[in-house]
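What the coordinates show
Below are the chains, spelled out letter by letter.
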Amino acid sequence: MADTCRITRECALKDPWPASVADGSPTFINHTFGALTKAVDEALNLERDLSHSLSWDPACINFQEAAEARWQDCLQLSGDILTAQVVRASDLPMQRMSMLLHFLIESTGPEEALRFQQLFHENLELFTVEDGDCQALLQTGARQMNALIELSVAAEAQNFLPN
């Protein structure tokens, strides 16, 4: 009696979609984008605290370092999202929003920040998704985009105040 020879590799028999797609659990991008939005909120709050602190007050001595460290955390998280593999269709808009937040954090002035905001509004369809949870995260990112722009404009205005 003849034996049948298996010609298909073992790895080809596995499910082509990762488990996170098959069972509906959050992907790496989804999970990390949630962490990014929390980190940006914390960094924005630290910046607000910094703008209301007194430089000579010993209680406020570490505000600048804490804010800078949190912004670096935000850049690291957004970098992780940008290099991650897109697993679901909902990952792509979050990856784009992460890139936008990254560019806004590193923007050099309000003109550049306002240009990013304009690009966002011109291409709104690239930042939308049908999944309600993912859309809520994207809306948080859009709110943070506006807050970063306000921060940039306020910082520019502060530079032009007489001493």
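Report on the accompanying structure. (Residues numbered from 1 in each chain as written. Predicted model: local features only at pLDDT ≥ 70, side-chain atom pairs only at ≥ 80, totals over all residues. Heavy atoms only, no water.)

1. Comments concerning the packing of aromatic side chains
Evaluated as defined, the whole model comprises two aromatic pairs. Between Phe-120 and Phe-127, the ring centres sit 4.9 Å apart and the planes meet at 55°, which makes this aromatic pair tilted. You'll find Phe-120 and Phe-127 in the same group, each marked buried. (Phe/Tyr/Trp six-rings, centres within 6.5 Å; stacked < 30°, edge-to-face > 60°. Buried < 20%, exposed > 50% of the residue type's maximum accessible area, 1.4 Å probe, protein only.)

2. Re helix α5 (residues 110–122)
When the terminal C-alpha atoms of α5 are compared, their 18 Å separation across 13 residues agrees well with the 18 Å that a helix rising 1.5 Å per residue should span. Burial in α5 covers these residues: Pro-110, Ala-113, Phe-116, Gln-117 and Phe-120. Buried residues of α5, viewed axially, fall in a sector of 120°; they line one side. (Helix = DSSP H or I, 4+ residues; strand = E, 2+ residues; numbered from the N terminus. Expected span 1.5 Å × (residues − 1). Arc of directions from axis to C-beta.)

3. Some points on the packing of helix α2 (residues 28–51) against helix α3 (residues 63–83)
Closest axis-to-axis distance for the α2/α3 pair is 9 Å, and the angle between their directions is 160°. Our classification of the angle between α2 and α3 gives roughly antiparallel. Crossing handedness for the pair α2 and α3: left-handed. Residue composition of the contact of α2 with α3, grouped by class: 18 nonpolar, three polar and five charged. (Axes fitted to C-alpha atoms, helices over the stretch in contact; angles between N-to-C directions. Parallel < 35°, antiparallel > 145°, perpendicular 65-115°, else oblique. Left-handed = near helix turned anticlockwise from the far one by under 90°. Nonpolar A, V, L, I, M, F, W, Y, C, P; charged D, E, K, R; others polar.)

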